[in-house]
Every structure is written in C-alpha cells, then in structure tokens.
Amino acid sequence: MAKALAVMTSGGDAPGMNAAIRAVVRRGLDCGLEIHGVFNGYEGLVEGGECIRRLKWEDVGGNLQKGGTFLGTARSERFRTEEGRRQAVSHLLDRGIDALVVIGGDGSLMGAHVLASEWASHVRSLGRGMPVSEEEEAEAADVAPLQVIGLPGSIDNDLYGTNMSIGADTALNHIVRALDDLSSTAASHQRTFVVETMGRHCGYLALMAGLAGGASWVLVPEEEMEVRWHQKMIETLGNAREIGRPHQMVMVAEGARHPDGLSIRSEEIRNILGTRLGADVRLTVLGHIQRGGPPTAFDRILATRLGVGAVDRIVSQPDVPHCHMLGLVKNEIEATPLAEVVEKSQRIWKEIEEGNYARALELRGGTFQNSLRLVKTLTRITPAREKAENGSVLVLTGGADSPGMNAAVSVAARCLLNQGVSVFGARDAFPGLIQGNILELDWHELLQWIHGPGSELGTGRYRFTEEDYPRIAENLRKYNIKGLVAIGGWGTYLKVANLVEHRESFDAFNLPMVLIPATIDNNLPCTEFSIGVDTALNNIVDAVDKIRHTAGATRRTFVVEVMGRQCGFLALMSALASGAEKAYLPETGVDLEELLKDVHVLKESFAGGKRLVIYLRNEHSSRHYTTDFIRRLLEEESRDQFEVRTAILGHVQRGGIPTAFDRILASRMGSCAAFALLEAMRESKIDVQVLGLSGAGVSSSPLSQALQEMDLGRGRPKRQWFMDLMPIAESLAKHGPSHVCS
Ligand code: ADP
C-alpha cells in the first residue's frame, strides 16, 4: 500500500480545486497516509524544498468555500524537460512519496502521465530503486511504480472521461448571471449584446450559458460553420426582432471558427450586426471573472467525491499501478487511463483543426450534441402562422414553487406554439383547472419567463374531491385540451395518477400527459435531480458560508434547519458542500443515544480549540427532536463552554433566480415534454410519461413505474442514490480533539 501521498494543482486555476485538495488530505489522513502538499504546481515539484510540505487535517480547514487553489498553481517549463522531471522524482523519493494526485487540465494530466511513465527510469538513474519485493530485488529491474491519479480541474469542461470538470459549473453560473444582468440593460435600450466566453478549445461554456440564458445565437468551435453563417445569424436575429423579442444575446466561445479555420473575433460579430442589422450592438468579453469566486455547491460536491475517490482507489487497490483520471460519468465516479484522457481530449481539438467537426462533436458526447441541437431549435423557433388541428395543450405547475419551473413552461409552450398548437396555463395548478381559471399563453410573455424565479402560472396544493373530476373534464373539453404537461412534485404526480384512475368515467382524461419533476426536495422517482434542487442547494450553501463568516471570538454551534420534507437530499448534500459537521436526515432518523454522542463530541471539540460547529437538520428528521429541542439540549449541556444558535432557512431556500443547472434541466425537459406530446397527439396515444435525468440524460418512464418506485408510506423514492455519499460527508467533517477545523 502507498505510504505517502502528494497532492498538487496545476495549470489554470478552477473553483473547487480547494475542495478536492481538502478531500484528498482528509481522506488520506483518515486512511493512515502521510500527506504532502506541492505548492505552485510542477514548478514546486521541480523546486522541492519548502514547496513540498506535510499537510495536516486543519491545514485544509475553512477553504472549501474559497475559489482558486490554496496550494497555488503555475506553468512550468522546467517540468517539460527530462532533467526537470528527474529532479521532481528525486524530491518525491526524498520524502518517501509513492502516490501523487494532480488536479488540473489536459496539460497537467499529460505531465502526470509523462512522470508516471518515466518514473522507473528516473528512479534507476538516480540510483534509488525501491524494489517491490525480494524476488524483484534480485532482478533489480523493477521499481515500485508511482501511483498517479489525475482529477479534472478546468473551467472549460474540455476533458474526455468526465461529464463535468471541477470549476465548470461555477464558471457557467458566472456567465449566466452576467447574461441576466446584461439582459435588463439590453431590454431597456433594445440593445444587442455579443458576449465572449472562455473556451479556446471547447464551446461548453458558451453553449450551456446560451441555453440557460436564452441566447439568440451561439457560436462554438465544435460546430461547422456554413459559408454564409453570418447571413443566417442576421436573418434569425432579424426574425426575433420582428416577433418582438425584447433584446438579443449572441454568445461566442473564444475558439469559434470561420469555415476556413480562421478564428471568429467577437469584434467582427459586433461590427457585422451593427451594420447589417442596424442594431445598437455592444460587446462584453467576460474574461477572468469566469474563473473567480466561491465554487458552487455542485463543484464542491464533485471535487469532494473525486478527491475521496482518488485516495480510496490508491488505498484499496494497492496492486494496481494507477495512472488514471477520475471523472464523473453518468453520476458515478469512473477511472479512465490518463493516456486515453489526454489523447482523446487533444484529439477533439485536432479534429476541429482538420475540419472534422462531426467527429469532434461525437467525441464531446451526447449531452453536448443534444444541447447544441436544442439551443439551435430554441433560437430559431417562432410562433407558427397556422393553427394545428389536433387540439391544444394545458400546462400547470403544481405543489410548491420551485426555481426553474418558469423555464420549463416557457420552453415547452414555445416548442408547441412553434408547431401551431395552442397552449393554455391553469392558474395555481389544479384549483385553476377545476374553476376554469385558465389563460392562453402568449409567446412574448413566455420569452420573458425563462430567467424568472418562482412560477408565473402560480402553484397550489390541493386535495381532489369527487365533484372535481367532472369539472376538470368539462374544462378540458371546453379548451379542447388534448395533451397535458404537469410540472411539479410528489403531490402533482399523485394527482395526475388520480386523473388516470378516473379515465373510464371521464373520456376527457384519455389524453397523453407528461410529468416534469420540479421540487426542491428531490424526493421524486425516476430521476436523479428535479428542477429547483440545484438552486436550493446553492441557497443553503451560500447561507451556511455566511454563517461561517460570523464565527468570530465566540465559540458557537449552529443548528441549521433545511427543507426537504421526508427526503434528506438537501441536508446531506449541503453538509457535504459546506463542510458541516453533521447532517440529521429523515432516512436515518435521530435517536437520543446519537444526540448524547453528539453532545460528547461537541464538548471535546470545543475543549480541543474548535470555534465553530455546524449541524444541518432536515425539517422532518425527527418529530420530537426538533431544531429547538436540539438547541436546548446542546445549550444545557454546553455548560457555557460554547453558545448554540439556530437558523431556520425557510423559504429563502426556494427563492432567487434559478441556477444554470436548473434552467438547463428545465429547458431540456420542457422541450422533451413538448415533442413527446406532439408525437402522442399525432398518433392519438394516451401514454402518461414521467421525465427524469439519469446517467443517460433526460429520459422518460411510464407513470406506473414511477408510482411503483415511490415509497408512499415514507414520502420518498425507494432508492436514493445520494445516500451512498453519506459516509463521505461523515468522514471529511469529523471533529473531536484531533480534528479541530471543519
Ligand atoms: P492545463 O493543465 O490547465 O491544461 P497547461 O497546458 O499549461 O495547463 O499545463 C500545465 C503544466 O503541465 C505545464 O506548465 C507543464 O509544466 C505541464 N505539462 C503540460 N504538458 C506537458 C508535457 N507534454 N510533458 C510534461 N509536462 C507537461
């Protein structure tokens, strides 16, 4: 087994790198490894001395929420030379380091691969063989390999072998927020903005931000441009102006290219649009702002999972010579050989350089391709001039509101209106449907909804009575409704199931229906994430970060209560992302024995010098051991050693502008619902489908399957993927006399 492990960051910095370092350090220490931090990337590795230092548990405390990398990063010319790498090897050998975790982009991972491949020859040339066993010692040829694990750290999300790299989600949210800010000034002045994002070799940021921000045109390096692409762009933007689109946004990735391979400069687009469209066009180059700031909840969780995964692989597979990158593939942590990661990541760019765009797109994967298709669909759709004849569609947003619901309504309805289908919305969901409080949705209004929080249609919780069914049937007939999109949570799913149960009595219920999961509780079947969850998680993490900032002179324990109903997703994931010491979940419950243990650990921690402890409590983790009960218990037992405070976050969690992830998910599901309904209506099918996001992307399952997967007694799905992350949260935020920082 490896004895000493070094961790380093290299290349461009990315928000979330600190979270990855924290995870590697703490998991490594927990597994009994000696941990070293390499400062300043490969330059530090070549330099040695003070650049390679032992790290302790508390050295990584308090940096989970910080952007950049506390180890520093640099580009190193010396490491590119064999001599430089030999020096690096000698520094590692001096310290007995036999495992290395490198967090960085393709260049850094290439460096790690080269180091691992040359390791044995450098060791021999330095006369410092570390024989693996006695027999091999006799041969004196074999040298124990350096265990190398790379973690993808790049805001560009340009690495093969992972769906997301550390930092990309934060960068994306920066861009989307910038687009929101620009939208208001653009709308006020009827301006067109050209926005340039980072991504020299990859269009991920421009594409996804364009999708989330409702851009009018997106230019990415992976797409083959037609010779007269600017003519098309001008036509599309001109059409959008004609239908009254209030403002226009053109997203350009740094690496976008003309058909002849020359790069498209954003100034060029500004000039073309200014002269040809006669518009007031402004250019915004977002630059390094995209890299900065605290990492999002997603980046912290991803980095933590990858960091833990790296140590676990090194420790649990001592006989495997590791030279892999760990990535997030279909929501699981998977290893890909470093050589393959580097070769395929660089191959995408080579394919682009050689004009093989289709191949480049294929290598980027299905989500990228589907998103490009969707963004193009959404930028080009306009209201149809002629009405379709096979009926209208009703959209409703049920249950509690959830950030991103508006985007789902907007995209679904616009896709349907584009095909000539009239779309109606039920005010406040089922009560509106029963009372006939139904409005026809207008294209122009829908355009404004994409960014907004809450639900423009209004939501409502409601329990059906027998008198409601004939009224619903009557209203469905009155508006010629032949398809239903229901966006909501647990209650909405059950209400749609009620309608299906009454199909025999009411023929009007024999229509195709699509359910879109939207609830911050993430308690729905057939999906890993529901719309709104990401915003809520970021709201909680943001609040906990602020609570941390208040940790001053006084020693305090905070019990922070979060939503989630019978599902512990928000409590567990926000504990993981914020470094909270404990999460009380409904899945595991709370008992007195555990609370007493917590009291004991708390006392020891504060006696050992700890200043702040954060407990996250799901609102329904226990009926009797409430947030206030826990506060009083801890206060009584603290014997003035520390203060106890509570923070019940309440509706703050569901507020605010939806994050990029929620808007993208909403747009993907909204369009999927629209196209599924169009097909069903064309073919007179009456299926009821439930949409979900799983490893394979957005997919649909029959309602009957969703109902089977719901644990109706407990109010959550029978299988909850995130519970597997519980041991990670517990092990990293351990506290007690020996671990005094979170
Ligand atoms: P990123 O990791 O963000 O892609 P770079 O491409 O600048 O950043 O690479 C970071 C560092 O990795 C380089 O400064 C260099 O020290 C090392 N590196 C990159 N490519 C190689 C290579 N082919 N051989 C050895 N080291 C390399």
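Residues numbered from 1 in each chain as written. Predicted model: local features only at pLDDT ≥ 70, side-chain atom pairs only at ≥ 80, totals over all residues. Heavy atoms only, no water.

Turning our attention to the overall build of the chain. Within the chain, the regular secondary structure consists of 25 helices and 24 strands. A globule of 742 residues ought to have a C-alpha radius of gyration of about 27 Å, and the chain, at 27 Å, matches this closely. Its C-alpha atoms give the chain principal-axis dimensions of about 85 × 70 × 50 Å. Residue pairs in contact within the chain that sit at least 24 positions apart in sequence constitute 79% of those at least 6 positions apart. Within the structure as shown, the chain displays about 28,200 Å² of accessible surface, and the carbon and sulfur contribution to it stands at 47%. Between the averaged position of the 79 positive side-chain charges in the chain and that of its 92 negative side-chain charges there is a distance of 4 Å. (Helix = DSSP H or I, 4+ residues; strand = E, 2+ residues; numbered from the N terminus. Rg over C-alpha atoms; globule rule 2.2 N^0.38 Å. Contact = heavy atoms within 4.5 Å. Areas by Shrake-Rupley, 256 points an atom, 1.4 Å probe, with all protein chains shown as cover. Lys, Arg positive; Asp, Glu negative; His and termini not counted. Charge placed at Lys NZ, Arg CZ, Asp CG, Glu CD.)

Here we come to the site of the ligand. Inspection of the region around the ligand gives 16 residues, with Arg75, Ser76, Gly105, Gly107 and Ser108 positioned closest. Serine 76 has a polar backbone atom sitting 2.8 Å from an oxygen atom of the ligand. Contact distances for the ligand include 2.4 Å between an oxygen atom and a side-chain N or O atom of serine 108. Considering the ligand on its own, with 560 Å² of exposed area, one finds that the protein chains cover 83% of that surface. With 6 residues, the top contributor of residues to the shell around the ligand is helix α4 (residues 106–125). Residues of the shell around the ligand, tallied by class, amount to 4 nonpolar, 8 polar and 4 charged. (Near = heavy atom within 4 Å. Polar contact = N/O pair within 3.5 Å; in protein donor to acceptor, adjacent residues only side chain to side chain. Nonpolar A, V, L, I, M, F, W, Y, C, P; charged D, E, K, R; others polar.)

This brings us to helix α21 (residues 592–607). Helix length check: α21, at 16 residues, gives a terminal C-alpha distance of 23 Å against a target of 22 Å (1.5 Å per residue), a fit within 8%. Of all the positions in α21, only Leu595, Asp598, Val599, Leu602, Ser605 and Phe606 are classed as buried. Looking straight down α21, one finds that the buried residues subtend no more than 130 degrees of arc, so they occupy a single side. Exposed side chains of α21 directed beyond 90 degrees from the buried face belong to Glu593, Lys597 and Ala607. Of the surrounding elements, those touching the buried residues of α21 are β17 (556–562), β18 (582–584), β19 (612–618) and α22 (627–638). (Expected span 1.5 Å × (residues − 1). Buried < 20%, exposed > 50% of the residue type's maximum accessible area, 1.4 Å probe, protein only. Arc of directions from axis to C-beta.)

In this section: the nonpolar core. Among soluble globular proteins, nonpolar side chains are generally buried collectively. Formed by 153 residues in total, the largest nonpolar core has its most connected members in Leu5, Val7, Val101 and Phe569. Excluding residues that lie within four positions of it along the chain, phenylalanine 569 makes contacts with Asp521, Asn522, Phe529, Val533, Leu537, Ser574, Trp721 and Phe722. Counting residues in each nonpolar core, the second largest holds 36 residues, with Ala429, Leu476, Leu511 and Leu703 among its members. (Core = buried A, V, L, I, M, F, W, Y, C linked by side-chain atoms within 4.5 Å.)

Paired through backbone hydrogen bonds, the strands of a sheet run either parallel or antiparallel to each other. Strand order in the open sheet made by the 4 strands is β7-β8-β6-β9, with parallel pairing throughout. Edge strands, defined here as strands with exactly one partner in the open sheet, are β7 (217–219) and β9 (281–285). With direction set aside, neighbouring strand axes in the sheet form an average angle of 15 degrees. Where strand β6 (residues 192–197) lies against strand β8 (residues 248–253), 6 bridges are found, and the strand directions are parallel. Counterpart to threonine 192 in the pairing with β8 is glutamine 248. (Pairing = 2+ DSSP bridges. Axes fitted to C-alpha atoms, helices over the stretch in contact; angles between N-to-C directions.)

Okay, the domain arrangement of the chain next. Under the domain assignment, the chain is made up of domain 1 (4–166 + 295–349), domain 2 (168–291), domain 3 (381–530 + 658–715) and domain 4 (534–656). Taking the mean C-alpha position of each, domain 1 and domain 4 sit 34 Å from one another. Counting from both sides, the interface comprises 9 residues of domain 1 and, opposite them, 11 residues of domain 4. Each partner contributes to the roughly 810 Å² buried at the junction of domain 1 and domain 4, and carbon and sulfur atoms together form 61% of this total. If you sort the residues of domain 1 by the area they bury against domain 4, Ala297, Arg300 and Ile301 come out on top, with a joint share of 53%. Joining domain 1 to domain 4, the criterion identifies 1 salt bridge. Here aspartate 545 ties to arginine 300 by a salt bridge, and the two come within 2.7 Å at their closest N and O atoms. Tallying contributions element by element places helix α10 (residues 297–316) first for the side of domain 1 that touches domain 4, with 5 residues. (Domains from an automatic or database assignment. Buried area = accessible area lost by both parts, 1.4 Å probe. Salt bridge = Lys/Arg side-chain N within 4 Å of Asp/Glu carboxyl O.)

You can see asparagine 18 is positioned in helix α1 (residues 17–30). Reaching out from asparagine 18, the side chain makes a polar contact with the backbone oxygen of lysine 66 at a distance of 3.1 Å. Each residue touching asparagine 18, except ones within four places of it in the same chain, is listed here: Asn63, Lys66, Gly67, Gly68, Thr69 and Phe70.

When a strand is regular, its side chains alternate between the sheet's two faces. Most of strand β16 (residues 513–517) is tucked away: 5 of the 5 residues are buried. The side-chain alternation of β16 yields two buried faces, one formed by Met513, Leu515 and Pro517 and the other by Val514 and Ile516. For strand β15 (residues 481–488) and β16, the ladder comprises 5 bridges, and the chain directions are parallel. For leucine 484, the partnering residue across the bridge sits in β16 and is methionine 513.

For helix α19 (residues 533–549), built from 17 residues, the straight-helix expectation of 24 Å at 1.5 Å per residue is met to within 8% by its first-to-last C-alpha distance of 24 Å. When you tally the buried positions in α19, you get 13 out of 17 residues, the bulk of the element.

Our focus in this paragraph is the packing of helix α7 (residues 204–213) against helix α23 (residues 660–682). Their axes nearest at 8 Å, the elements α7 and α23 cross at an angle of 75 degrees. As the angle between them shows, α7 and α23 are arranged roughly perpendicular. Residues Met208, Leu211, Ala212 and Gly213 of α7 form the contact with α23, whose participating residues are Ala660, Arg663, Ile664 and Ser667. Its residues placed into classes, the contact of α7 with α23 shows 5 nonpolar, 2 polar and 1 charged. (Parallel < 35°, antiparallel > 145°, perpendicular 65-115°, else oblique.)

Moving on to a negative patch on the surface. A cluster of acidic residues, Glu440, Asp442, Glu445 and Glu456, forms a negative patch on the protein surface. Its place among the elements puts aspartate 442 in the loop between β14 (438–440) and α16 (443–449). For aspartate 442, a relative accessible area of 35% puts it in the partly exposed group. (Patch = residues over 30% accessible without salt bridge, like charges linked within 9 Å, V, L, I, M, F, W, Y side chains within 5 Å.)

Okay, the packing of aromatic side chains next. Two aromatic rings, taken as a pair, are described by how far apart their centres are and by the angle between their planes. Evaluation of the coordinates by the stated rule reveals 18 aromatic pairs. Both rings, one in tyrosine 469 and one in phenylalanine 509, keep their centres 6.4 Å apart while their planes meet at 65 degrees; by these two values the pair is edge-to-face. With tyrosine 469 in helix α17 (residues 468–478) and phenylalanine 509 in the loop between α18 (490–501) and β16, this residue pair connects regions lying 40 residues apart in the sequence. A relative accessible area of 5% places tyrosine 469 in the buried class. Taken together, Phe430, Tyr462, Phe464, Tyr469, Phe506 and Phe509 form an aromatic cluster joined through their ring pairs. Seen from the ring of phenylalanine 39, arginine 53 lies directly overhead, with NZ or CZ sitting 3.9 Å from the centre. Cation over ring: arginine 364 sits above phenylalanine 368, and NZ or CZ is 5.9 Å from the ring centre. (Phe/Tyr/Trp six-rings, centres within 6.5 Å; stacked < 30°, edge-to-face > 60°. Lys NZ or Arg CZ within 6 Å of the ring centre and 35° of its normal.)

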